[in-house]
Amino acid sequence: MTHAAAGTASEQVAVLDAYRVAVSGWAPPPDLTVSEFCDEHLIVTAGPLEGSRWRTAGAEYQRGILDAFHEPGVEIVVVKSSSQVGKTAIALAIVAYHIAHDPCPILVVEPTVKPMAEDFSTNRLEPLIDNTPTLAERVGKKRAKDSKNTILAKTFTGGSISIGGANSAASLAQRTVRLLLLDEIDRYPPELPGEGATIEVAIKRTTTFRGRRRIMLLSTPTLENAPIDSWHRLGDQRRFYVPCPGCGVMHPYEWRNVQWRDRDPLTARLVCPECAYEIGDAERVAALEHGEWIAEHPDRVDRTIVSFHLWEAYSPFSSLAEIVSSFLRAREKQKEGDRGTMHTWENTTLGETSKPDAGAGVEPSGLLARREPFPAICPPGVACITLGVDTQDDRLEAVAIGWGPGEEAWLIHRETIPGDTSQAEPWAQLDELLEREYPMVDEGRALKASATCIDSAGHRTNFVYEFVHPRQTRRVYAIIGRDGDRLITSSPSPRRWGIGQRKVPLYTIGVDSAKALIMNRLALTERGRGYVHLPAVDWCDDEFAAQLTSERLMQRFVKGVPVNVWRKIRTRNEALDCSVYALAALRILRPNLEQLAQRVEEGPVHKELKPRRAAFMDRAKRTGKKRESWMKRQR
Ligand SMILES: [Zn+2]
């Protein structure tokens with residue numbers, strides 16, 4: 001800028017503002033803000049306040065978020081938050097305002113079409129429209145034959161709204177929109193096949209409205225650097241400061257200031273970092289009314305983006321006791337080696353990202369060093385045994401694990417059954433292994449495996465089904481491992497195969513979750529819940545320990561989205577796979593380990609049924625055919 005052009009500071013600001021208006025198309029604030037509109041017109045249609053009038057002041061932090069689009073130059077509003085703070089209600093309120101007051105084309109994107117987009121429309125948007133006269137009179141009635149208004153697409157006076165799923169390219173490939181609402185973005189598939197990164201594809205829909213567009217991104221966070229975390233950091237990162245009832249100093253509610261006594265959640269208080277005043281629930285909620293949003297990074301590069309963070313301590317509908325008790329539960333799980341529950345707690349209660357356990361793993365040498373002599377093959381403490389079987393073309397590998405309360409584990413047996421698994425022999429040997437009795441310390445007492453999981457992936461799927469089918473009552477399960485973010489076990493789906501299209505339930509196992517749990521537990525050093533005991537026996541050797549620790553969790557980026565994957569750091573890893581399947585068998589069985597342990601300790605473990613011969617072996621005998629020909633028939 002030359003000296004001649006420079007005026008006073010205020011003149012410069014005025015010129016700059018005029019320039020901004022010119023380039024951004026930003027218009028002067030409307031006569032009615034979103035929060036004013038909500039207070040005047042909206043009825044709450046979900047949650048504890050259902051049926052009552054909307055009161056922005058009831059959770060004052062809502063005001064800053066609702067009205068953020070009225071700030072000069074703001075096009076993108078990012079909300080990274082825990083559950084329980086009314087995130088969806090805020091999104092809905094903004095949609096309602098635009099239907100009634102600032103009509104334009106609107107697109108709302110949920111992670112999936114079915115059920116999430118449909119749920120959003122049917123359970124949240126439609127009741128809101130029906131209960132708000134000013135909306136109802138603008139949105140046409142949904143009629144069966146009216147193609148204009150369906151669950152996922154509605155027109156209203158001056159605009160339209162589509163509700164799409166991030167899993168469907170078709171639902172994002174709509175015409176251009178001015179208001180775009182992206183909900184739960186950390187749960188979007190990172191990319192749309194052939195289209196590019198999902199969030200970018202959606203944002204492209206708003207390009208023609210640049211300067212006047214309104215984009216809202218909301219999500220409960222997941223991993224560091226996942227979409228909501230990245231977007232939040234692009235913004236000015238506002239936190240809600242609340243005055244302390246004791247000293248009046250403004251401070252944001254922070255988890256580190258929550259304190260309690262003697263593991264009792266009911267004693268939980270928010271302690272003021274200035275004066276140590278102990279804020280209870282009533283004062284915590286009452287003080288919200290005098291709070292205000294303060295940006296941590298007001299000097300950010302992109303001034304079109306503002307970002308907010310909220311967590312459960314701000315919620316009028318939660319309590320410090322609930323927050324602390326859910327934390328204590330997660331910490332107990334963590335002590336058992338289950339870090340997943342703590343990660344979920346961090347995401348859904350703190351509204352914070354969890355750090356990926358990158359490169360987490362255990363060294364085999366550490367495992368060998370802690371082998372211990374078991375007083376019996378099945379040592380005291382074991383309440384139940386499960387088997388995991390890995391199916392290879394030339395052998396079956398099995399690991400038996402004993403389980404005690406808190407899933408304390410003892411590796412009690414390992415066996416390799418060599419032989420072509422397209423033949424009957426290895427399977428007959430496996431049948432014997434299923435019936436094996438593992439002697440306990442007391443003479444004459446023994447435990448048998450209560451459940452078994454057999455891997456059906458690979459070349460022997462039908463042989464596994466054939467083996468499992470007659471043994472379902474003995475809790476022998478066919479499983480298939482899948483990676484990605486999924487539970488260790490879920491409901492089985494029926495598989496039909498072979499002559500007569502017989503049916504077996506196939507269980508899908510979340511191998512990444514199972515491996516994470518096993519690795520975390522192998523890292524535990526304190527005996528008790530979750531600890532893994534290794535026996536000082538021949539088979540528990542260098543090779544076994546190396547296999548058990550053969551994978552590492554690595555972070556990989558798919559279109560800029562971090563994904564945790566387990567990577568083999570050596571070729572053979574059957575010991576780990578078998579352990580995953582044995583853990584899955586336990587989770588399918590879901591025994592009450594505390595009760596079982598009591599029973600095993602008290603009474604004699606009665607001998608179970610005599611081993612039965614495999615049904616297909618019997619049939620092979622009856623028909624007088626060679627086993628080989630029977631096996632050929634199954635192919
Ligand atoms: Zn204070």
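Scroll up to find the structure this text is about.
Residues numbered from 1 in each chain as written. Predicted model: local features only at pLDDT ≥ 70, side-chain atom pairs only at ≥ 80, totals over all residues. Heavy atoms only, no water.

Draft legend 1. Inspection of the overall build of the chain at higher detail. When helices and strands are counted, the chain shows 21 helices and 26 strands. Evaluated residue by residue, the chain yields a buried proportion of 52% over its 635 residues. Pairs at least 24 residues apart make up 71% of the contacts formed inside the chain by residues separated by at least 6 positions. (Helix = DSSP H or I, 4+ residues; strand = E, 2+ residues; numbered from the N terminus. Buried < 20%, exposed > 50% of the residue type's maximum accessible area, 1.4 Å probe, protein only. Contact = heavy atoms within 4.5 Å.)

Draft legend 2. Spatial organisation of empty space enclosed by the protein. Applying the stated criterion to the full structure yields two cavities of 30 Å³ or more. Residue lining of the largest cavity: Ile401, Trp403, Ala409, Leu411, Ile518, Arg521, Leu522, Val532, Leu548, Ser579 and Leu583, and that is the complete set. Elements represented by at least two residues in the lining of the largest cavity include exactly strand S17 (395–403), strand S18 (409–418), helix H16 (511–522) and helix H18 (574–589). Looking at which element gives the most residues to the lining of the largest cavity, the answer is H16, with three residues. Looking at the lining of the largest cavity residue by residue, the classes come out as nine nonpolar, one polar and one charged. (1 Å grid on protein atoms, 1.4 Å probe; cavity = no way out; pocket = protein on both sides within 12 Å on 5 of 7 lines; lining within 4 Å. Points joined across faces, edges and corners; volume = space filled by probe spheres on them. Nonpolar A, V, L, I, M, F, W, Y, C, P; charged D, E, K, R; others polar.)

Draft legend 3. Expanded view of unusual backbone geometry. Lys114 connects to Pro115 through a cis peptide bond whose omega is 0 degrees. Relative to the assigned elements, Pro115 resides in helix H5 (residues 113–131). Positive phi, close to 70 degrees, is recorded for Asn225, a residue that is not glycine. The class of Asn225 is partly exposed, set by a relative accessible area of 30%. Look at Asp262: it is not a glycine, yet its phi comes out positive at around 50 degrees. Relative to the assigned elements, Asp262 resides in the loop between strand S11 (258–261) and strand S12 (264–271). According to the relative accessible area criterion, Asp262 is exposed, its value standing at 74%.

Draft legend 4. A look at the coordination of the zinc ion. Surrounding the zinc ion are the protein donor atoms Cys244 (SG), Cys247 (SG), Cys272 (SG) and Cys275 (SG), at 2.3 Å. One can describe the site at the zinc ion as tetrahedral: its four donor atoms subtend angles covering 102 to 112 degrees at the metal. (Donors = N, O, S within 2.8 Å, 3.2 Å for Na, K, Ca; no water. Tetrahedral: all angles 85-135°; square planar, octahedral: opposite > 155°, others 65-115°.)

Draft legend 5. How the structure looks around the packing of aromatic side chains. Overall, the coordinates contain 16 aromatic pairs when judged by the stated rule. Seen from their ring centres, Trp427 and Phe467 are 5.4 Å apart, and the 40 degrees between their planes marks the pair as tilted. Of this pair, Trp427 sits in helix H14 (residues 424–434) while Phe467 sits in helix H15 (residues 461–468); the two residues are 40 residues apart in sequence, bridging distant segments of the chain. Among the residues examined, Phe467 registers a relative accessible area of 0% and is labelled buried. Each ring, one from Tyr477 and one from Tyr507, has its centre 5.1 Å from the other, and the planes form 65 degrees; the classification is edge-to-face. A residue pair is termed long-range when its members are at least 10 positions apart, and Tyr477 in strand S21 (residues 476–482) and Tyr507 in strand S23 (residues 502–510) qualify at 30 residues. (Phe/Tyr/Trp six-rings, centres within 6.5 Å; stacked < 30°, edge-to-face > 60°.)

Draft legend 6. Here's a closer look at the environment of Ile417. Along the polypeptide, Ile417 turns up in strand S18. Residues Ile417 and Gln429 lie twelve residues apart in sequence; the distance between their C-alpha atoms is 7.2 Å. Filtering out sequence-adjacent residues up to four positions away, Ile417 remains in contact with Arg395, Leu396, Pro426, Gln429, Leu430 and Leu433.

Draft legend 7. Structural detail: the sheet that holds S11. Across the sheet, three strands lie side by side as S11-S12-S13; this open sheet has antiparallel pairing. Of all the strands in the sheet, the pair left with one neighbour each is S11 and strand S13 (278–279). Bridge analysis of S12 against S13 gives two bridges, and the strand direction is antiparallel. The residue of S13 that forms the bridge with Val271 is Glu278. Strands S11, S12 and S13 of the sheet are contacted by helix H11 (residues 320–335), whose axis makes an angle of about 115 degrees with S12. (Pairing = 2+ DSSP bridges. Axes fitted to C-alpha atoms, helices over the stretch in contact; angles between N-to-C directions.)

Draft legend 8. Main features of the side chain of Asp102. Topologically, Asp102 is positioned in the loop between helix H4 (87–100) and strand S2 (105–110). For Asp102, the residues in contact, after removing those within four places along its chain, are Tyr97, Arg178 and Arg214.

Draft legend 9. Examining the pattern of salt bridges more closely. Tallied over the full model, the rule gives 42 salt bridges. The partner of Lys154 in a salt bridge is Glu126, with the nearest N and O atoms 2.6 Å apart. Residue Lys154 is located in strand S3 (residues 153–156), and its partner Glu126 is located in helix H5; the two are separated by 28 residues in the primary sequence. Assessed through its relative accessible area of 12%, Glu126 is described here as buried. The salt bridge partner of Arg238 is Asp236, with a shortest N-O separation of 2.8 Å. One exposure class covers both Arg238 and Asp236, and it is buried. Connected through shared salt-bridge partners, Asp394, Arg395, Glu397, Arg414, Arg572 and Glu574 make up one network. (Salt bridge = Lys/Arg side-chain N within 4 Å of Asp/Glu carboxyl O.)

Draft legend 10. Molecular detail of the packing of H11 against helix H12 (residues 340–350). Orientation of H11 relative to H12, taken along the N-to-C sense of each, is 155 degrees, at an axis distance of 8 Å. Classed by the angle they form, the pair H11 and H12 counts as roughly antiparallel. Facing H11, whose interface residues are Ile323, Ser326, Phe327, Ala330, Arg331, Lys333 and Gln334, H12 presents Thr341, Met342, Trp345 and Thr349. Its residues placed into classes, the contact of H11 with H12 shows five nonpolar, four polar and two charged. (Parallel < 35°, antiparallel > 145°, perpendicular 65-115°, else oblique.)

Draft legend 11. Structural view of H4. For H4, built from 14 residues, the straight-helix expectation of 20 Å at 1.5 Å per residue is met to within 8% by its first-to-last C-alpha distance of 20 Å. H4 sits mainly inside the fold: 13 of its 14 residues count as buried. (Expected span 1.5 Å × (residues − 1).)

Draft legend 12. Region of the structure containing the nonpolar core. In terms of nonpolar packing, the biggest core is built from 71 residues, with Val77 and Met216 touching the most fellow members. The biggest single contributor to this core is H4, with eleven residues. Residues contacting Met216, with those up to four places away along its chain left out, are Ile65, Phe69, Val77, Val79, Ile90, Ile94, Leu180, Leu181 and Leu182. Of all hydrophobic cores here, the second largest spans 46 residues; its members include Tyr477, Leu517, Leu553 and Ile588. (Core = buried A, V, L, I, M, F, W, Y, C linked by side-chain atoms within 4.5 Å.)

Draft legend 13. Looking closely at the environment of Met342. Here Met342 lies in helix H12. The class for Met342 is buried, based on a relative accessible area of 6%. Considered as a pair, Met342 and Arg331 are eleven residues apart in the sequence and their alpha carbons are 6.6 Å apart. Excluding residues within four positions of it along the chain, Met342 makes contact with Phe327, Ala330, Arg331 and Gln334.

Draft legend 14. Layout of the state of the cysteines. Tallied over the entire structure, the rule returns zero disulfides. Free of any disulfide, Cys384 has its nearest neighbouring cysteine sulfur in Cys378, separated by 9.8 Å. (Disulfide = S-S within 2.5 Å.)

Draft legend 15. Highlighting the pairing of strand S22 (residues 493–497). As paired strands, S22 and S23 are joined by five bridges and run antiparallel to one another. Bridged to Arg495 within S23 is Val504. Hairpin connection between S22 and S23: a loop of four residues separates the two successive antiparallel strands, and Gly498 in this loop has a positive phi of roughly 60 degrees.

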